[in-house]
Amino acid sequence: MQPPDDFDPPVGQPLQLAPGVRRVLAPNPSPMTYRGTNTYLIGDRELAVIDPGPMSPNHLEAILATLEPGQSISHIIVTHTHVDHSPLAAPLSKRTGAKIWAFGGPEAGRSAVMSELAQAGLAGGGEGIDTGFQPDVTVADGEMIEGDGWALDVIHTPGHLGNHIALALGDACFTADHVMGWASSLVSPPDGDLTDFMVACARLRACDWSVFHPGHGAPINDPAGRLDWLIEHRMMREAQILVALEHGPATARDLAKRIYTETPPALLSAAERNVFAHLVDLFGKSRVEPTDQLSATAEFSKL
């Protein structure tokens, strides 16, 4: 279900995806961000900007350069507070006067078990949190953000990050990092919670979408198929972990080395976090237990 590696649009150039929907690629390619962060502009006159992106003066100017005569930016919407999505919101707001809309600050929406892990000292890993981010307007699940000729329904989709939201524009959905076409989403405790992630996947799967516009990569023209793959992929990882634990207790690091045999060394730490996310989920379902208290370095046994 992994697509061909042919998504390579020009950086900083607007591309029309649908009436009233344009995409501008940010200049931040990496193993975690693929070609870079997708910034979306919604509307024809007073526009919404979804995910301004990383702190990049060049990308700020690229966003502003997309404005055509008679257009302005009225809303800045942040899907979640990873450093590749939210830091440019404040400079863009300063330049345009538009307010910033989001689910909340970096810890908003964090599950109880992840809050306990964070309080015990577990730090985030992987993509980096925009720790100083605060929106001007806080939105909740089920609310609508309305502008000039457009309306976006807010769908709280925690899992990749507790404050993650998707945005529905009719039967199109801006899924940010929850559903992407180029890779499965990273779930890294304590910022990400796999139990929440799977619930949000099932919730999106219950709707009839025409297209997903992700935070990284090309549009997903088979949303149901991609969600089915994503859910099956996670269930496959869970099965691999349970099989590996039949040979005795193991840590998330041990399990990642056994399971992610084709993963480049630079991504093994992210794989370890993914395994730990599964172990926390399995612990919540009474399928495994840590030999000591729940932590990223604990050994786990199968029940």
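Note that the coordinates shown come from a computational prediction; the quantities given were computed from them, not determined experimentally.

Draft legend 1. Quick peek at the sheet that holds strand β11 (residues 172-176). A sheet is described by the order of its strands in space; here 5 strands give the open sequence β8-β9-β10-β11-β12, paired in mixed fashion. Both edges of this open sheet fall to β8 (144-147) and β12 (211-214), since each of them pairs with a single strand only. For this sheet, the mean angle separating the axes of adjacent strands, direction not counted, is 25°. Summarising the sheet, strand β10 (residues 165-169) and β11 pair through 3 bridges and their orientation is antiparallel. Bridge pairing in β11 places L167 opposite F174.

Draft legend 2. Summary view of unusual backbone geometry. In this structure, P190 follows P189 across a cis peptide bond, with omega equal to 0°. In this fold, P190 is placed in the loop between β11 and α4 (194-205). The phi torsion at Y34 lies on the positive side, around 60°, for a residue other than glycine. Summarising the element assignment, Y34 is placed in the loop between β2 (21-25) and β3 (38-42). Note on Y34: relative accessible area 13%, which makes it buried. Located in the positive-phi region is D51, a residue other than glycine, with phi close to 60°.

Analysis parameters
- Every chain is numbered on its own, with residues counted from 1 as its sequence reads.
- In view of the model being predicted, local features appear only for residues whose pLDDT reaches at least 70, and side-chain atom pairs are presented and counted only at 80 or more, with totals across whole chains, interfaces and linings using the full set of residues.
- Note: side-chain values were computed over all heavy atoms of the structure, leaving out hydrogens and water.
- Strand pairing is defined by DSSP finding a minimum of two bridges between the two strands.
- Segments assigned H or I by DSSP are reported as helices when at least four residues long, segments assigned E as strands when at least two residues long, and all are numbered from the N terminus.
- Geometry is summarised by axes, namely lines fitted to C-alpha atoms with helices restricted to the contacting stretch, and by angles between N-to-C directions that run from 0 to 180 degrees.
- When a residue's accessible area, from a 1.4 Å probe over protein chains only, is under 20% of the maximum for its type it is buried; when over 50% it is exposed; and in between it is partly exposed.

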